[in-house]
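# Structural description and commentary
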Amino acid sequence: FNRRMPEEINRVLVDHLGSMLFAPTEAAMRNLAGEGIAPEKCHLVGDVMFDAALAFGQKARRKSKILEQLGLARKEYVLATVHRAENTDDQKRLQAIIGGLTRIAAQKTVVWPVHPRIRELLQQPEMQQQLGDQVRMIEPVGYLDMVMLEQNAALIATDSGGVQKEAFFHRIPCVTLREETEWTELVDAGWNRLAPPTDPERICGIMTEALDSYGREVRPYGDGQAARLIVERLLKI
């Protein structure tokens, strides 16, 4: 419902134009009904991202060497990602996030693949001073390496919608560095916590609470067969 996000504008346009809509969750089905979209166009199939997580999670374990390359041990680090314009273009919000990450780094190593959007900004002397040596900033990583980092983290702190879900798929607690999330079912189930990026101490406190925590055993995104269900329905046309 956040029309400030380009993704939401695109979703609304495409959903109203589309002749078949494949929804990932019951909540998504309710939202479509609330927007007046004909129910016969909407099909609950689960989330194709879950399909991908199951397939590529195994592949990452076989092929990725990122943990060895970075000298990381399972459950001994926090994985952070920050890329959303509302956080990167607002210096106060970004400094609050950096402050939170710096504080949690006193408990666990923080590994941060830095998005190109903020690489130059983080090179500024005042940012470098605030970060110190406690947060390990690395270059962006490929998909399999990212999956491997997600699977083995003690906690994921992110402002990414996709990474929130991937954290849940791999049963890793997540803190979302925003005031809201599209995936409210993960907050309800205890797998995700919202940390508005306004106060470093509060961000660190929420991350500390989330460490080693686990949510309820829920399956809001289907059983990993979303792609098959979509193809079956398309073949009926």
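This report concerns the structure included in the present document. Each residue is numbered by its place in its chain's sequence as written, counting from 1. Given that the model is predicted, a residue must reach a pLDDT of at least 70 before its local features are reported, and side-chain atom pairs must reach 80 or more before they are shown or counted; all residues, however, enter totals for whole chains, interfaces and linings. For the side-chain quantities, the full set of heavy atoms in the structure was used; hydrogens and water were omitted.

### A look at the pairing of strand β6 (residues 155–158)
Buried, partly exposed and exposed residues are distinguished by accessible area as a fraction of the type maximum, computed with a 1.4 Å probe on protein chains only: under 20%, between the cut-offs, and over 50%, respectively. Under the DSSP-based scheme used, a helix requires at least four consecutive residues in state H or I and a strand at least two consecutive residues in state E, with every element numbered from the N terminus. Residue alternation in β6 divides its side chains into two sets, Leu155 and Ala157 and Ile156 and Thr158, and both sets are buried. Relative to β6, strand β3 (residues 77–81) is paired through four bridges, and the arrangement is parallel. Bridge pairing links alanine 80 to alanine 157 in β6. Only when DSSP finds a minimum of two bridges between them are two strands counted as paired. Relative to strand β7 (residues 174–176), β6 runs parallel, the two being bridged by three bridges.

### Describing the sheet that holds β7
Across the sheet, which stays open at both edges, the six strands sit in the order β5-β4-β3-β6-β7-β8 with parallel pairing between neighbours. The sheet is open, and its two borders are formed by β5 (135–138) and β8 (192–194), each paired with just one other strand. For this sheet, the mean angle separating the axes of adjacent strands, direction not counted, is 20 degrees. Sheet strands in contact with helix α9 (residues 143–152) are β3 and β6, and its direction is about 135 degrees off that of β3. For every element, the axis is a line fit to its C-alpha atoms; helices are fit only across the contacting stretch, and the angle between N-to-C directions ranges from 0 to 180 degrees. Residues count as neighbours in contact if any of their non-hydrogen atoms are within 4.5 Å of one another.

### Let's talk about the packing of helix α3 (residues 48–63) against α9
The geometry of α3 relative to α9 is characterised by a closest axis approach of 9 Å and an angle of 95 degrees between their N-to-C directions. Classified by the interaxial angle, the pair formed by α3 and α9 is roughly perpendicular. Between α3 and α9, the residues in contact are Ala52, Phe56, Gly57, Lys59, Ala60, Arg61 and Lys63 and Tyr143, Leu144, Val147, Met148 and Gln151, respectively. For the contact of α3 with α9, the class distribution of residues is seven nonpolar, two polar and three charged. Should an angle fall under 35 degrees it is taken as roughly parallel, and over 145 as roughly antiparallel, whereas 65 to 115 is taken as roughly perpendicular and any remaining angle as oblique. Under the scheme applied here, ten amino acids are nonpolar (Ala, Val, Leu, Ile, Met, Phe, Trp, Tyr, Cys and Pro), four are charged (Asp, Glu, Lys and Arg), and all others, including Gly, are polar.

### Examining the nonpolar core
Formed by 30 residues in total, the largest nonpolar core has its most connected members in Leu101, Val110, Trp112, Val175, Leu177 and Met207. Among the secondary structure elements, those contributing two or more residues to this core are β3, α6 (91–104), β4 (109–113), α7 (116–122), α8 (125–131), β6 and α12 (200–210). When residues in this core are grouped by element, the largest group, six residues, is from α6. With sequence-adjacent residues up to four places away left out, valine 110 is seen in contact with Val78, Ala80, Leu101, Ile104, Ala105, Gln134, Val135 and Arg136. Grouping buried Ala, Val, Leu, Ile, Met, Phe, Trp, Tyr and Cys residues that are joined through side-chain atoms within 4.5 Å yields what is termed a nonpolar core. Of all hydrophobic cores here, the second largest spans 19 residues; its members include Leu72, Leu79, Ile138 and Met146.

### Looking at the state of the cysteines
Here, two cysteine sulfur atoms that lie within 2.5 Å of each other are counted as a disulfide. Taken as a whole and assessed by the stated rule, the structure comprises zero disulfides. Distance from the sulfur of cysteine 174, which forms no disulfide, to the nearest cysteine sulfur (cysteine 204) is 16 Å. Cysteine 204 gets classed as buried once you look at its relative accessible area, which sits at 10%.

Fair warning: the whole summary comes from geometry, so function is off the table for now.
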